[in-house]
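Structure at a glance
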Amino acid sequence: MTGKSSLAQEAPPLDPREEIVTHLPAMRAFALSLTRNPSQADDLVQDAVIKAWKNLASFQVGTNMRAWLFTILRNTFYSDRRKSKREVQDTDGAFAATLANKPDHDGRLAMADFEAAFVQLKSEQREALMLVGAMGFSYEEAAETCEVAVGTIKSRVNRARQALSALMNLEEGEPLELTDQQTLAVMSTNMPGRGDAA
């Protein structure tokens, strides 16, 4: 009797069609980190949502919708990239126009400095940092999304943070004066040299 009443009190899972909408802002941010172009990011999210919608019957209700959507988005990005013969490097200045410098009181790490360093990372390092640092994915969720081992994600995050520190000439333990929370999350969690691999 008690078991039945506790089952009756559990909220039913959110309808997958409604849940997709809740993940759109995070999907756009991840798409932007992959494409580095707002227009292309919007197109990528749209393509990923259409694919997810068409394949909604294959989604198992109660499992991780966010990881499923990010996997579709990531696979769509790499599939499109393989199809294109060459990658266009911001020829129209669209990405450069989106960069904004933080005020001087934010310290020596201006947003433009971070962006300039971030785009120099390998694509798999950028996506690992975005998932774990900015999006708040666990290492396990990020590994599932990227279809790699958890240790691979940890290694990519650690190497990416080390590379960012080197590119921005940061010393070990040097305080970062940032107001941008996503940038702070990407840079500060398990900074290199402070223990185990990130």
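Reading guide: rules and limits
Residues numbered from 1 in each chain as written. Predicted model: local features only at pLDDT ≥ 70, side-chain atom pairs only at ≥ 80, totals over all residues. Heavy atoms only, no water. Helix = DSSP H or I, 4+ residues; strand = E, 2+ residues; numbered from the N terminus. Contact = heavy atoms within 4.5 Å. Areas by Shrake-Rupley, 256 points an atom, 1.4 Å probe, with all protein chains shown as cover. pLDDT = per-residue confidence, 0-100. Axes fitted to C-alpha atoms, helices over the stretch in contact; angles between N-to-C directions. Parallel < 35°, antiparallel > 145°, perpendicular 65-115°, else oblique. Left-handed = near helix turned anticlockwise from the far one by under 90°. Nonpolar A, V, L, I, M, F, W, Y, C, P; charged D, E, K, R; others polar. Salt bridge = Lys/Arg side-chain N within 4 Å of Asp/Glu carboxyl O. Buried < 20%, exposed > 50% of the residue type's maximum accessible area, 1.4 Å probe, protein only. Polar contact = N/O pair within 3.5 Å; in protein donor to acceptor, adjacent residues only side chain to side chain. Phe/Tyr/Trp six-rings, centres within 6.5 Å; stacked < 30°, edge-to-face > 60°.

**Let's talk about the overall build of the protein**
Within the protein, the secondary structure is distributed over eleven helices and zero strands. The helix and strand sequence of the protein, counted from the amino end, reads α-α-α-α-α-α-α-α-α-α-α. The long-range share in the protein, meaning contacts at least 24 apart out of those at least 6 apart in sequence, stands at 67%. Surface summary for the protein: the accessible area is close to 11,400 Å², and the carbon and sulfur share equals 51%.

**With respect to the confidence of the model for the protein**
Should pLDDT be low for a region, the predicted coordinates there are not to be read in detail. In the predicted model, the protein carries a mean pLDDT of 75, and the fraction of residues at 70 or more is 66%. The spread of mean pLDDT over the elements of the protein runs between helix H1 (residues 2–9), the lowest at 52, and helix H4 (residues 38–54), the highest at 92. Every residue in residues 104–109 is under pLDDT 50, and counting partners more than four places away or in other chains gives 14 contacts.

**A few points about the packing of helix H3 (residues 24–35) against H4**
The contact between H3 and H4 brings their axes to 8 Å, and the two run at 125°. Between H3 and H4, the angle falls in the class oblique. Relative to H4, H3 is oriented so that their crossing is right-handed. Residues Leu 24, Met 27, Arg 28, Ala 31, Leu 32, Leu 34 and Thr 35 of H3 pack against Pro 38, Gln 40, Ala 41, Asp 42, Leu 44, Val 45, Ala 48 and Val 49 of H4. When its residues are assigned to classes, the contact of H3 with H4 shows eleven nonpolar, two polar and two charged.

**Observations regarding the pattern of salt bridges**
Within the structure shown, the criterion is met by three salt bridges. Here Glu 141 and Arg 66 are joined by a salt bridge, their closest N and O atoms 2.7 Å apart. Here Arg 66 lies in helix H5 (residues 65–83) and Glu 141 lies in helix H9 (residues 139–146), a separation of 75 residues in the sequence. With respect to class, Glu 141 is no different from Arg 66; both count as buried. Arg 74 is the partner of Glu 127 in a salt bridge, and the nearest nitrogen-oxygen pair spans 2.9 Å. One end of the pair, Glu 127, is in helix H8 (residues 123–134); the other, Arg 74, is in helix H5, with 53 residues separating them in the sequence. Each of the two residues, Glu 127 as well as Arg 74, counts as buried.

**Section: the side chain of Asn 37**
Here Asn 37 lies in the loop between H3 and H4. In this structure Asn 37 comes out as buried when scored by relative accessible area, which is 11%. A polar contact is formed between the side chain of Asn 37 and the backbone nitrogen of Ser 39, at a distance of 2.9 Å.

**Let's talk about the packing of aromatic side chains**
This structure, assessed with the given rule, holds four aromatic pairs. With a centroid separation of 5.1 Å and 45° between ring planes, the pair formed by Phe 59 and Trp 68 is classed as tilted. For the pair shown, Phe 59 and Trp 68 are each scored as buried. Between the aromatic rings of Phe 70 and Phe 137, the centroid separation amounts to 4.8 Å while the plane-to-plane angle is 50°, which identifies the pairing as tilted. Placement of Phe 70 in helix H5 and of Phe 137 in the loop between H8 and H9 is noted, with a sequence separation of 67 residues between them. Phe 137 carries the same exposure label as Phe 70, and that label is buried.

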